[in-house]
Amino acid sequence: MNLLLNALVVSGLLSLSAFQTGQTPAGTAQKSVRVAQGEVGRWAGNCLRCSLEKRVWPAVNGTCYYPIDMEMKAGSYTISRRTTGGKLETAQLIVTEKPCRPEDFPNFPKKEYINVSPENRKRATREAAEVKPLISYQASVRPAVFDLPIGKPASPLPRGEGNFGACRTFNGQARDRHTGQDYPLTESKPVLSVANGRVRLAANQFYSGNAVYIDHGNGLISEYFHLKSFSVKPGQTVQKGQEIGRVGQTGRVTGPHLHFGVRWHGACINPGFLLIDPADLPEVK
Ligand SMILES: [Zn+2]
């Protein structure tokens, strides 16, 4: 050991164990990952269970995924993983801000969505309450019946509108942020389940029109809105690539398209990140 290192160890600025293991002084050796709001981070290799602060979930085929809600506060959080060997490791998750893109509909044609009647308001509240348990974090989830990347919700799938998370105004009135990605597809095109799963809800809703929600296990739910029609019912098991309905323009829309969204462990995330090679997701290092 040279004199400087010796002095640092003696003065307590550098611990001997840190020196011996080749680590830098306390804190700087901690593993970390930076993930933007609405995106997904991962920790690969021999993972069994994963946690983000107080929320815990199982790994998917040995990898921990950390879906970050589009509205999760930017900042530093603690994540951890339990390996198949029983080892518990922690890392720092840095959530970075992703500003929402404005999207305005100045002359929205369906007036019932601009001046919402008390009946429709009541209906929308009831439907939101029905959907809430499906899209919220659950402490206990069914085993995953998917792996990443998931399949495409249409074939071929055109480029999305890039409007995930958009801050929207309809005729000048601010509304909730856009929870999915819109794909420009013509009416009656088949809509496909992106993975094996079980239909949780298939119903006509005020805002989402004909909507299908599929549970893929591990707390992953996929959503398909504004369908012309759907061909599945709640409780039904579906396969990856199976037709579940047709593209339409029901609900709050200006024209035919597919709205595709995903919720994972209660987080509303950009579904595009589940369609890419998971090796391209930001990784804990
Ligand atoms: Zn949409």
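Just so you know, the residues in each chain are numbered from 1, in the order the chain's sequence is written. Local features in a predicted model are, by the rule used here, given only for residues with pLDDT of at least 70; side-chain atom pairs are given and counted only at 80 or more, and totals for whole chains, interfaces and linings are based on all residues.

An unreviewed UniProt entry lists the protein under the name M23 family metallopeptidase, from Larkinella insperata.

Paired through their backbone hydrogen bonds, the strands of a sheet run either parallel or antiparallel. The mixed open sheet is built from five strands, whose spatial order is S1-S7-S6-S3-S4. One side of each edge strand has no neighbouring strand; the edge strands of this open sheet are strand S1 (32-36) and strand S4 (55-58). Direction aside, the axes of adjacent strands within the sheet are offset by 25° on average. In the sheet, strand S6 (residues 75-83) pairs with strand S7 (residues 88-96) via eight bridges, with the strands oriented antiparallel. At least two bridges found by DSSP between two strands is the condition for calling them paired. Only runs of H or I of at least four residues qualify as helices and only runs of E of at least two qualify as strands under DSSP, and these elements are numbered from the N terminus. The axes used here are C-alpha line fits, helices contributing only the stretch in contact, and every angle between their N-to-C directions lies in the interval 0 to 180 degrees.

Glancing now at the UniProt feature "domain: M23ase beta-sheet core" (unreviewed entry) in the protein. UniProt positions are given in the numbering used here, feature names are shortened, and annotations may be inferred rather than shown by experiment. The feature "domain: M23ase beta-sheet core" (unreviewed entry), as annotated in UniProt, sits at residues 177-271 in this numbering. Each end of residues 177-271 is marked by a C-alpha atom, and these two atoms are 15 Å apart; helix forms 0% of the span and strand 53%.

Before going further, it helps to spend a moment on unusual backbone geometry. In this structure, the amide linkage connecting Leu148 to the following residue, Pro149, adopts the cis form with an omega of -5°. When you line up the elements, Pro149 lands in the loop between helix H3 (118-135) and strand S9 (167-170). Here the bond from Ser155 into Pro156 is cis, since omega is -5°, no more than 30 degrees from zero. Secondary-structure assignment places Pro156 in the loop between H3 and S9. You will see that Ser188, though not glycine, has its phi angle at about 80°, which is positive. With respect to the helices and strands, the residue Ser188 is situated in the loop between strand S11 (181-183) and strand S12 (190-192). With 11 C-beta atoms counted inside 10 Å, the residue Ser188 sits in the exposed group. Any residue whose C-beta has 12 or fewer other C-beta atoms within 10 Å is treated as exposed, any with 20 or more as buried, and any in between as partly exposed, C-beta atoms being built from the backbone.

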